[in-house]
Amino acid sequence: MTVIRHFKIHRILLFMALLSFNAVNALSLLIPMDKQQKNHLKAYGLAYWTLQNGLEIHWLLNYRGGSFLLPYHAKIEEEALIRNITFRKNYRCQSPGHLARNCRPTDKYGCRKT
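Bear in mind that the values here come from a model prediction, so they are computed numbers and not experimental data.

1. Quick notes on the nonpolar core
Side chains of a nonpolar character, in soluble globular proteins, are inclined to be buried together. Ile 31, Leu 46, Ile 57, Phe 68, Leu 70 and Ile 85 are the most contacted members of the largest nonpolar core, which has 14 residues in total. Looking at this core, the elements that each hand over two or more residues are strand S1 (26–31), helix H2 (40–52), strand S3 (67–71) and helix H3 (74–82). If one sorts the elements of this core by residue count, H2 sits on top with four residues.

2. Thoughts on the pattern of salt bridges
In the structure shown here, the tally under the stated rule is four salt bridges. A salt bridge links Lys 89 to Glu 77, with the nearest nitrogen and oxygen atoms 3.2 Å apart. Separated by twelve residues along the polypeptide, Lys 89 in strand S4 (residues 88–91) and Glu 77 in helix H3 bring together distant segments of the chain. Of the two residues, Lys 89 and Glu 77, neither departs from the other in class, the shared state being buried.

3. Let's talk about the confidence of the model for the protein chain
Of the residues in the protein chain, 56% reach a pLDDT of 70 or more, and the chain-wide mean stands at 74. Below pLDDT 50 for its whole length, residues 17–24 participates in seven contacts with residues either more than four positions away or in separate chains. Residue range residues 93–97 is modelled with pLDDT below 50. Its contacts to residues more than four positions away, or to other chains, number four contacts.

4. A short note on unusual backbone geometry
Phi is positive for Arg 64, close to 50 degrees, though the residue is something other than glycine. Here Arg 64 shows up in the loop between strand S2 (57–60) and S3. If you check the backbone angles, Asn 84 has positive phi at about 60 degrees while not being a glycine. Asn 84 gets classed as partly exposed once you look at its relative accessible area, which sits at 42%.

5. Some words on the packing of H2 against H3
Between H2 and H3, the least distance of the axes is 11 Å, while the angle of their chain directions is 155 degrees. It follows from the interaxial angle that H2 and H3 lie roughly antiparallel. Taken as a pair, H2 and H3 cross one another with a handedness that is right-handed. In this structure, H2 uses Leu 46, Trp 49 and Thr 50 to contact H3, whose residues at the interface are Lys 75, Ile 76, Glu 79 and Ala 80. Split into classes, the residues belonging to the contact of H2 with H3 amount to four nonpolar, one polar and two charged.

6. Remarks on H3
Every buried residue of H3 is listed here: Ile 76, Glu 77, Glu 79 and Ala 80. The buried residues of H3 occupy an angular sector of 160 degrees when the element is viewed end-on, so they sit on one face. Turned more than 90 degrees away from the buried face of H3, the exposed residues are Ala 74, Leu 81 and Ile 82. Where H3 ends, the next residue or the one after it, Asn 84, has phi of about 60 degrees, a positive value.

7. Comments concerning the pairing of S3
By the criterion of burial, S3 is predominantly enclosed, with four of the five residues buried. Direction of pairing for S2 relative to S3: antiparallel, over a ladder of three bridges. Considered in S3, the bridge of Trp 59 is made with Phe 68. What sits between the antiparallel neighbours S2 and S3 is a turn of six residues, in which Arg 64 has the positive phi angle 50 degrees.

Reading the values: the criteria
Residues numbered from 1 in each chain as written. Predicted model: local features only at pLDDT ≥ 70, side-chain atom pairs only at ≥ 80, totals over all residues. Heavy atoms only, no water. Core = buried A, V, L, I, M, F, W, Y, C linked by side-chain atoms within 4.5 Å. Buried < 20%, exposed > 50% of the residue type's maximum accessible area, 1.4 Å probe, protein only. Helix = DSSP H or I, 4+ residues; strand = E, 2+ residues; numbered from the N terminus. Salt bridge = Lys/Arg side-chain N within 4 Å of Asp/Glu carboxyl O. pLDDT = per-residue confidence, 0-100. Contact = heavy atoms within 4.5 Å. Axes fitted to C-alpha atoms, helices over the stretch in contact; angles between N-to-C directions. Parallel < 35°, antiparallel > 145°, perpendicular 65-115°, else oblique. Left-handed = near helix turned anticlockwise from the far one by under 90°. Nonpolar A, V, L, I, M, F, W, Y, C, P; charged D, E, K, R; others polar. Arc of directions from axis to C-beta. Pairing = 2+ DSSP bridges.

In structure tokens:
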């Protein structure tokens, strides 16, 4: 009986660790603007909303149809879900190298509200 209980506790702890990795280690949200995007106009609106809230975004002109790279904040993720916008979380282990392989420095423009 104690072995089964011990196994269940380990499964619960592993599940909690995976959830915390998902929330804590996300660096950015990639908003694709290619055919995978469900709602292009709302995606532009989310980029504008992010700028209005004083955060800097990156416009990846030659990557997936001119995608946006937004900083990860739970509120931005919540807005994307509410607006039914397609997005992907980028993590420490994938974001810098992934962008380096797929975007030239001249293709990436930082945007901020002035």
